[in-house]
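Chain by chain, the residues:
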There are 2 protein chains.
Amino acid sequence: MIPADHPRYRSLVARERLAACAREGIVTPEGLAAHGRGEAFDYLLGERTTKSALYAERIAAAMLLSARRPVISVNGNTAALAAPAIAELQGASRARVEVNLFHRTEERVEKITRLLESAGVEVLTGRAEPLLPLSHPRALCLREGIFSADTVLVPLEDGDRCAALVSLGKRVIAIDVNPLSRTARTATLTVVDEVTRALPAISRAVREIGPEEAERLMSCPDNSYFLRAALDEIRGFLEHALD
Amino acid sequence: MIPADHPRYRSLVARERLAACAREGIVTPEGLAAHGRGEAFDYLLGERTTKSALYAERIAAAMLLSARRPVISVNGNTAALAAPAIAELQGASRARVEVNLFHRTEERVEKITRLLESAGVEVLTGRAEPLLPLSHPRALCLREGIFSADTVLVPLEDGDRCAALVSLGKRVIAIDVNPLSRTARTATLTVVDEVTRALPAISRAVREIGPEEAERLMSCPDNSYFLRAALDEIRGFLEHALD
């Protein structure tokens, strides 16, 4: 359908994939709108991994490597767009993977679990309990998963849930292409990059980084540096956008 | 559901309305993603009508007033968000209203026609013919509607179709919150404002403007002025966004 040499090929393929997953009930209407917001910000970032995002991806890898109990929290959009990349990152980092949904139904949890498993992800299962400081059913998570994690990677997370995880003392790595979102501002570290580029970049870094470099990276710039760097990229893009 | 004093009340209500219309088949999955892109740009514009957008809205009103055959082209997202505002603008400007869809099926055309009619819009009907220089079924429109219009208002239009209308020598007024979109760059005049704010503002201007002011407005800045002004607004917003 979409010619592979189209300048926005990746973006258009992702959009079709998400629309198909919406028809299957894996992605919600709200998830489609959220994806559109992400498309806009990725467009403004030039649809590429910026230098500062690549730096954040290396720090994210160091955080996963130094974690005692790392967990990757996966929602519908992330599963639809990046199931194989989640499998790859799990293989590299040995993190647990938990399905955690904003619009949670058991049916959707099951569908997303099956999608992830078919891509080779080992998904944590069990009885979810209302353990997070959020209203039900958003409070639900697994005791052996997110609840007992010290470091949680949340691609495409809602602001309230990101804040809830931080309030429990966890180190939260967000992947969010909008540097102004509440998630981006609240997380311990925000990778301002599109999720299908960010996850493989983190996996590569997990494999490359040795213990010394991991330690050095852990003492690197705080989150606001990366948000400002992303805003600077967008402003630079806008400066010449109509030339 | 959403408290009326929420700072982003209008935006959240619009999103819920669109998700509901998606479940009814009025809005497509692609339409939801497009709405999300729009939300991002509206956020960057401060979710308000800027001074330059208000100016463009007055010129749009003058263009409608001076047209011999003005037509408003309505798609699924516009109908879902702004059916009453379309009725108001039709009443003020006496423009014809035609349903014209990117993802066209007769079933969707009928659903959207019924939605518009229930809001008081008089919708042009008839047998659509492949009259536009686009591949079928995107070429379809009504001979007595868009095809014979001299001025077409296209809220939330696709870039190819905007270009096709311009190539037929029509004056095209776009409403598009993304000043960098192909639609925004291709239209005769682009109102860079959110559709539910833009349409009522154009209706008000249609009622206020006299013939002399209309003539004066018709000789006003060209489209690139309004695109640059919108970009400047976004850059100004980003400058202080993290303070």
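Heads up: the structure comes first, above all this text.
Remember, it's a predicted structure, so these values are computed and weren't measured experimentally.

What follows concerns the pattern of salt bridges. Residues and elements named next belong to chain A. Within the structure shown, the criterion is met by 37 salt bridges over all chains. The salt bridge partner of Arg 58 is Glu 208, with a shortest N-O separation of 3.2 Å. Placement of Arg 58 in helix H3 (residues 51–66) and of Glu 208 in helix H8 (residues 195–208) is noted, with a sequence separation of 150 residues between them. Of the residues examined, Arg 58 reaches a relative accessible area of 23% and is grouped as partly exposed. By sharing partners, the salt bridges in this structure join Arg 58, Glu 208, Glu 213 and Arg 216 into a single network.

Okay, unusual backbone geometry next. All names here are of chain A. Note the cis peptide between His 136 and Pro 137, where omega equals 5°. Relative to the assigned elements, Pro 137 resides in the loop between strand S3 (129–130) and strand S4 (140–141). Not every positive phi belongs to a glycine, and Glu 47 is a case in point at roughly 50°. With respect to the secondary-structure elements, Glu 47 resides in the loop between helix H2 (29–44) and H3. The backbone of Leu 156 shows a phi angle near 60°, a positive value even though the residue is not glycine.

Superposing chain A onto chain B takes a rotation of 180° plus a shift of 0.0 Å along the axis, which leaves an RMSD of 0.0 Å. Taken together, the rotation and translation relating the two chain copies correspond to the operation of a two-fold axis. The share of interface residues of chain A whose copies in chain B are also at the interface is 100%, consistent with both copies meeting through the same surface.

Turning next to the sheet that holds strand S5 (residues 151–155) of chain A. All names here are of chain A. The five strands lie next to each other as S2-S1-S5-S6-S7, forming an open sheet whose pairing is parallel. One side of each edge strand has no neighbouring strand; the edge strands of this open sheet are strand S2 (96–99) and strand S7 (189–191). On average, adjacent strands in this sheet sit at an angle of 20° to one another, irrespective of strand direction. Lying on the sheet, H3 is in contact with strand S1 (70–74), S5, strand S6 (171–175) and S7; it crosses S7 at an angle near 130°.

Thresholds, definitions, all that
- Residues numbered from 1 in each chain as written.
- Chains lettered and ligands numbered in written order.
- Predicted model: local features only at pLDDT ≥ 70, side-chain atom pairs only at ≥ 80, totals over all residues.
- Heavy atoms only, no water.
- Salt bridge = Lys/Arg side-chain N within 4 Å of Asp/Glu carboxyl O.
- Helix = DSSP H or I, 4+ residues; strand = E, 2+ residues; numbered from the N terminus.
- Buried < 20%, exposed > 50% of the residue type's maximum accessible area, 1.4 Å probe, protein only.
- Least-squares fit on C-alpha atoms with pLDDT ≥ 70 in both.
- Contact = heavy atoms within 4.5 Å.
- Pairing = 2+ DSSP bridges.
- Axes fitted to C-alpha atoms, helices over the stretch in contact; angles between N-to-C directions.

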